[in-house]
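# Tertiary structure, described
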Amino acid sequence: MSGIFEYNGGSIVGMKGKNCIAMACDRRFGQQMSTITTNYQKVFKIQDNILLALSGLNTDIHTFYALMEKEINLYNLKENRKMKPTTFANLVASALYERRFGPFFVTPIVAGLENGKPILATYDSIGCKSDLDDFQVGGTGGNYIYGACEAFFKPDMSPEELEEVIGQSLVSGCDRDALSGWGGVVYVLTEQKLTVKILKTKQT
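Our subject in this report is the structure included herewith. (Residues numbered from 1 in each chain as written. Predicted model: local features only at pLDDT ≥ 70, side-chain atom pairs only at ≥ 80, totals over all residues. Heavy atoms only, no water.)

## Describing unusual backbone geometry
Residues other than glycine seldom take positive phi values, yet Gln 32 does so here, at roughly 55 degrees. Mapped onto the secondary structure, Gln 32 falls in the loop between strand 3 (29-31) and strand 4 (34-37). You will see that Asn 115, though not glycine, has its phi angle at about 55 degrees, which is positive. Assignment of secondary structure puts Asn 115 in the loop between strand 7 (106-114) and strand 8 (117-123). (Helix = DSSP H or I, 4+ residues; strand = E, 2+ residues; numbered from the N terminus.)

Rendered as structure tokens:
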């Protein structure tokens, strides 16, 4: 686990439901095998209908989030309207590609609701977008979470079912990854509200 993407650890996952979408992340922030804090935020609310999850290098997570916050505020001022989730997904891709010769060491997942339809996208470090899957994973525990998602996922889940499934997938993956854990947070976005739930995982 010596790569720059794995240096601070952490895992994220996004999943689609019926007229809803969910994101989940662990709470650990570390330096390789040393744990620094256990209440680290990896999912950010961009708008009422858009969430952005970031895993990777801590400094680039904060830099990239600040850049996206600036861009969406400028868009709102210029256009006098809210940005669509599909537009924001393309903005993330172009921002990453713009820095391809000195890339951000982050793995973003964008989740949003556009006219009730869930939008979910993830990227590589130079902005190649993948938005065809019903769930997306990132971080050091991504491979473990992906297997759990494949086992637990079913189409057209209600917000309550989605919260349970993504929570179980996150906990299952974090329990198998040494660089993730110390609790989790699940965000469930519907057209009416954003629900946040704290989970317990392994405390080691």
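## Examining empty space enclosed by the protein
Unfilled space is identified by rolling a water-sized probe across the atoms. Applying the stated criterion to the full structure yields 1 cavity of 30 Å³ or more. A volume near 40 Å³ is recorded for the largest cavity. Asn 8, Gly 9, Gly 10, Arg 28, Phe 29, Tyr 40, Lys 42, Ser 55, Gly 56 and Ile 61 are the residues that line the largest cavity. Split into classes, the residues belonging to the lining of the largest cavity amount to 3 nonpolar, 5 polar and 2 charged. (1 Å grid on protein atoms, 1.4 Å probe; cavity = no way out; pocket = protein on both sides within 12 Å on 5 of 7 lines; lining within 4 Å. Points joined across faces, edges and corners; volume = space filled by probe spheres on them. Nonpolar A, V, L, I, M, F, W, Y, C, P; charged D, E, K, R; others polar.)

## Structural notes on the pairing of strand 5 (residues 43-47)
A large share of strand 5 lies buried, amounting to 4 of its 5 residues. Pairing of strand 5 with strand 6 (residues 50-56) involves 4 bridges; the strand directions are antiparallel. Note that in strand 6 the partner of Gln 47 across the bridge is Ile 50. Counted between consecutive antiparallel strands, the loop separating strand 5 from strand 6 contains 2 residues. (Buried < 20%, exposed > 50% of the residue type's maximum accessible area, 1.4 Å probe, protein only. Pairing = 2+ DSSP bridges.)

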